[in-house]
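# Survey of secondary and tertiary structure
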Amino acid sequence: MEIIRSAGEMQSHAEKIRSSGKRIGVVPTMGYFHEGHTSLIRIARERCDVVVTTIFVNPAQFGTGEDFEQYPRDFERDKALAEEGGTDVIFAPDAEEMYPPGFGTFVVPEDGASILEGQVRPSHFRGVVTVVVKLFHLTKPHIAVFGQKDAQQVFVVRRMIRDLNFDIDLVVAPTIREQDGLAKSSRNLYLTAAERAEAPLLYQALKEAESLAALGERKAEKIRAAVSEVLQRAKLATADYVAVVDPETFREVGELHPPLALVAVAVRFGSARLIDNILISVSSKG
Ligand code: AMP
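As the structure is a computational prediction, the values presented were derived from the model and not from experiment.

About the thresholds
Residues numbered from 1 in each chain as written. Predicted model: local features only at pLDDT ≥ 70, side-chain atom pairs only at ≥ 80, totals over all residues. Heavy atoms only, no water. 1 Å grid on protein atoms, 1.4 Å probe; cavity = no way out; pocket = protein on both sides within 12 Å on 5 of 7 lines; lining within 4 Å. Points joined across faces, edges and corners; volume = space filled by probe spheres on them. Helix = DSSP H or I, 4+ residues; strand = E, 2+ residues; numbered from the N terminus. Phe/Tyr/Trp six-rings, centres within 6.5 Å; stacked < 30°, edge-to-face > 60°. Buried < 20%, exposed > 50% of the residue type's maximum accessible area, 1.4 Å probe, protein only. Lys NZ or Arg CZ within 6 Å of the ring centre and 35° of its normal. Pairing = 2+ DSSP bridges. Near = heavy atom within 4 Å. Polar contact = N/O pair within 3.5 Å; in protein donor to acceptor, adjacent residues only side chain to side chain. Areas by Shrake-Rupley, 256 points an atom, 1.4 Å probe, with all protein chains shown as cover. Nonpolar A, V, L, I, M, F, W, Y, C, P; charged D, E, K, R; others polar. Expected span 1.5 Å × (residues − 1). Contact = heavy atoms within 4.5 Å. Salt bridge = Lys/Arg side-chain N within 4 Å of Asp/Glu carboxyl O. Domains from an automatic or database assignment. Buried area = accessible area lost by both parts, 1.4 Å probe.

Another aspect to go through is empty space enclosed by the protein. Under the criterion given, the structure shown has one cavity of 30 Å³ or more. Of the pockets and cavities examined, the largest cavity occupies roughly 30 Å³. Every residue along the wall of the largest cavity is listed here: Lys149, Leu182, Ala183, Ser185, Asn188, Leu202, Leu274, Ile275 and Asp276. With three residues, the single largest contributor to the lining of the largest cavity is strand S10 (residues 272-281).

What follows deals with the packing of aromatic side chains. For any pair of aromatic rings, the description consists of the separation of the ring centres together with the inter-plane angle of the planes. Scanning all chains against the criterion turns up seven aromatic pairs. Aromatic side chains Phe136 and Phe166 sit 5.5 Å apart centroid to centroid with 65° between the ring planes, which places their arrangement in the edge-to-face category. Taken as a pair, Phe136 in helix H6 (residues 124-139) and Phe166 in the loop between helix H7 (151-163) and strand S6 (169-173) lie far apart in primary sequence, 30 residues in all. Residue Phe136 is classed as buried on the basis of its relative accessible area, which comes to 3%. Taking relative accessible area as the criterion, Phe166 reaches 17% and is therefore assigned buried. Ring pairing ties together the aromatic residues Phe56, Tyr99, Phe103 and Phe106, which thus form one cluster. The ring of Phe68 carries the charged tip of Arg73 above its face, separated from the ring centre by 5.0 Å.

Across the 10 residues that make up strand S9 (residues 260-269), a large majority, eight, are buried. Across eight bridges, the pairing between strand S7 (residues 237-246) and S9 is antiparallel. Within S9, the residue paired with Tyr241 across the bridge is Ala266. Across 10 bridges, S9 lies against S10 in antiparallel orientation. The partner of Leu262 across the bridge, within S10, is Leu279. The turn joining S9 and S10, which pair antiparallel and follow one another in sequence, is formed by two residues; a positive phi near 55° is taken by Gly270.

Take the site of the ligand next. In the region of the ligand, 17 residues are neighbours, and His37, Gly147, Asp150, Ile176 and Lys184 sit closest. One nitrogen or oxygen atom from the side chain of Asp150 is found 2.6 Å from an oxygen atom belonging to the ligand. The contact in question runs from a nitrogen atom of the ligand to an N or O atom on the backbone of Lys184, over 2.9 Å. Relative to its free-state accessible area of 480 Å², the ligand is covered by the protein chains to the extent of 93%. The leading source of residues in the shell around the ligand is helix H2 (residues 35-47), at three residues. For the shell around the ligand, the class distribution of residues is seven nonpolar, seven polar and three charged.

Between its terminal C-alpha atoms H2 stretches 18 Å, which fits the 18 Å expected from 13 residues at 1.5 Å a residue. Here the buried face of H2 lies against strand S2 (24-29), strand S3 (50-55), helix H3 (75-85), strand S5 (143-147) and S6.

In this model, Pro258 is joined to Pro259 through a cis peptide bond whose omega is 0°. Within the secondary structure, Pro259 is located in the loop between strand S8 (251-252) and S9. With phi around 45°, Leu116 is a residue other than glycine that occupies positive phi space. Relative to the elements of secondary structure, Leu116 occurs in the loop between helix H4 (95-98) and helix H5 (117-120). Positive phi, normally seen in glycine, also occurs at Asn165, with a value near 60°. Structurally, Asn165 is set in the loop between H7 and S6. The exposed category is assigned to Asn165, whose relative accessible area is 66%.

Below, the discussion takes up the pattern of salt bridges. Taken as a whole and judged by the stated rule, the model has 18 salt bridges. Residue Asp240 pairs with Arg268 through a salt bridge whose shortest N-O separation is 3.1 Å. Of this pair, Asp240 sits in strand S7 while Arg268 sits in strand S9, and the two are 28 residues apart along the sequence. Asp240 is the salt-bridge partner of Arg273, the closest N and O atoms lying 2.6 Å from each other.

This brings us to the domain arrangement of the protein. For the protein, the domain assignment lists domain 1 (2-173) and domain 2 (186-279). Inter-centroid distance (C-alpha atoms) of domain 1 to domain 2 is 26 Å. Across the contact, 22 residues belong to domain 1 and 22 residues belong to domain 2. Summing the contributions of domain 1 and of domain 2, the shared interface buries around 1,800 Å²; its carbon and sulfur component is 56%. Along the contact surface separating domain 1 from domain 2 lie three salt bridges. Taken together, domain 1 and domain 2 are joined by nine residue pairs in polar contact (both at pLDDT 80 or more). The element that contributes the greatest number of residues to the side of domain 1 that touches domain 2 is H7, accounting for three residues. Partitioning the side of domain 1 that touches domain 2 into residue classes produces nine nonpolar, seven polar and six charged.

Written as structure tokens, this is what we have:
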């Protein structure tokens, strides 16, 4: 496995791989790997000849007062897990390499990027999309693997790929969870033992939404209320939002429509902010 830190080196290496006829899969990450990340690497491994895993805690997607400094980092551990998952190249630039002095061009997503995560974190998706565009240019992938865990990110990246005519297939990987349902996240590390004990309520709340929809409930308001009720059992948490959206547009809906609705939640436990979501099949019969 190779480790590349320079943008120029990454780009010329990717060009060589491409011109030898091999397919490149990229897995963009911020590191501090858990099984969610390694599942993405394995998916890329199955579909491509060369897997490039990028590790970059992107300052541009963190707002003032957010956890950029505290974000956990452990390159040696990541290196071992990336290799075990089948990574061929780790691209791990530093912030100067990605945003050298004089950097002044951002890619700004519009509609759908200013609600939910975008509302709570106003410059977040501008940072995400800008870094993803840069990573695509540097790693020249045929496919890119992202996790459904960050559903709004998937929406924003998918639309950017289409809008800006990137010739890249987006593969969306399912959310990997702890046994008690809590979605794996590098940020779970911030939870105290008491908060960790309450954290599975996020997934329980989402499963409640799924059960209601399966019973025929179509009113988003009812679903939101039921989800909030479960979340209120987490005494140490405050909810940032509970939303029912159309996954195609990321607009909030009043009623659930076939084929799919997405219920997304964000919750704060002290300094930890956790997000999760569930895709719900909506049958036309109700
Ligand atoms: P991050 O390092 O948190 O930016 O995540 C890198 C990629 O891993 C993103 O595409 C995430 O959506 C994905 N990811 C994070 N957590 C999980 C999880 N629990 N299951 C599957 N994918 C995940």
